[in-house]
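Close look at the chain arrangement
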Amino acid sequence: MERALSVDQSVFCSGQIGLVPCTMQLVEAGARTQTLLTLSHVRKVLQAVIASSTLANVVQAHCYATRKRDIGVIREAWRAR
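Just so it is clear, the structure is predicted and the values come from calculations on it, not from any experiment. (Residues numbered from 1 in each chain as written. Predicted model: local features only at pLDDT ≥ 70, side-chain atom pairs only at ≥ 80, totals over all residues. Heavy atoms only, no water.)

Topic: the pairing of strand E1 (residues 3-7)
Relative to strand E2 (residues 10-14), E1 runs antiparallel, the two sharing 5 bridges. Bridge assignment links Ala4 to a residue of E2, and that residue is Cys13. Where E1 hands over to E2, the hairpin turn is made up of 2 residues, of which Asp8 adopts a positive phi near 55 degrees. (Pairing = 2+ DSSP bridges. Helix = DSSP H or I, 4+ residues; strand = E, 2+ residues; numbered from the N terminus.)

Put into structure tokens, the structure is as follows:
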């Protein structure tokens, strides 16, 4: 479950995963697609709390991967956004 908490001008959010909104199922694709979908969800949560916020405002993020080989793909997807 996604969570977001706003304290002053800081937003703390957690629980973002690559779920397809209309089905609430994990996207059946690779790590890159899952990461991009997750980042889209993060962006929407940030904007819902503080309208002017973007991914560029993120100071720290934690990403958990189940396969070590996906880490480079995940990092590259983050850099692309």
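Now that the structure is up, let's keep going.
Quick word on unusual backbone geometry
The residue Met24 is not glycine, and still its phi comes out positive at about 55 degrees. Residue class for Met24 comes out exposed when judged on its relative accessible area of 52%. (Buried < 20%, exposed > 50% of the residue type's maximum accessible area, 1.4 Å probe, protein only.)

Some points on the packing of helix H1 (residues 31-49) against helix H2 (residues 71-80)
At their nearest, the axes of H1 and H2 sit 9 Å apart, and the two run at 40 degrees to each other. Between H1 and H2, the angle is such that the two are oblique. Once H1 is placed against H2, the crossing between them reads as right-handed. On the side of H1, the interface is formed by Ala31, Arg32, Thr35, Leu36 and Leu39, while H2 contributes Val73, Ile74, Ala77 and Trp78. Its residues placed into classes, the contact of H1 with H2 shows 7 nonpolar, 1 polar and 1 charged. (Axes fitted to C-alpha atoms, helices over the stretch in contact; angles between N-to-C directions. Parallel < 35°, antiparallel > 145°, perpendicular 65-115°, else oblique. Left-handed = near helix turned anticlockwise from the far one by under 90°. Contact = heavy atoms within 4.5 Å. Nonpolar A, V, L, I, M, F, W, Y, C, P; charged D, E, K, R; others polar.)

A word on H1
Between its first and last C-alpha, H1 extends 27 Å over 19 residues, near the 27 Å set by a 1.5 Å rise per residue. Among all positions of H1, only Ala31, Thr35, Leu36, Thr38, Leu39, Ser40, His41, Val42, Val45 and Leu46 are buried. At its buried positions, H1 is contacted by E1, E2, strand E3 (19-20) and H2. (Expected span 1.5 Å × (residues − 1).)

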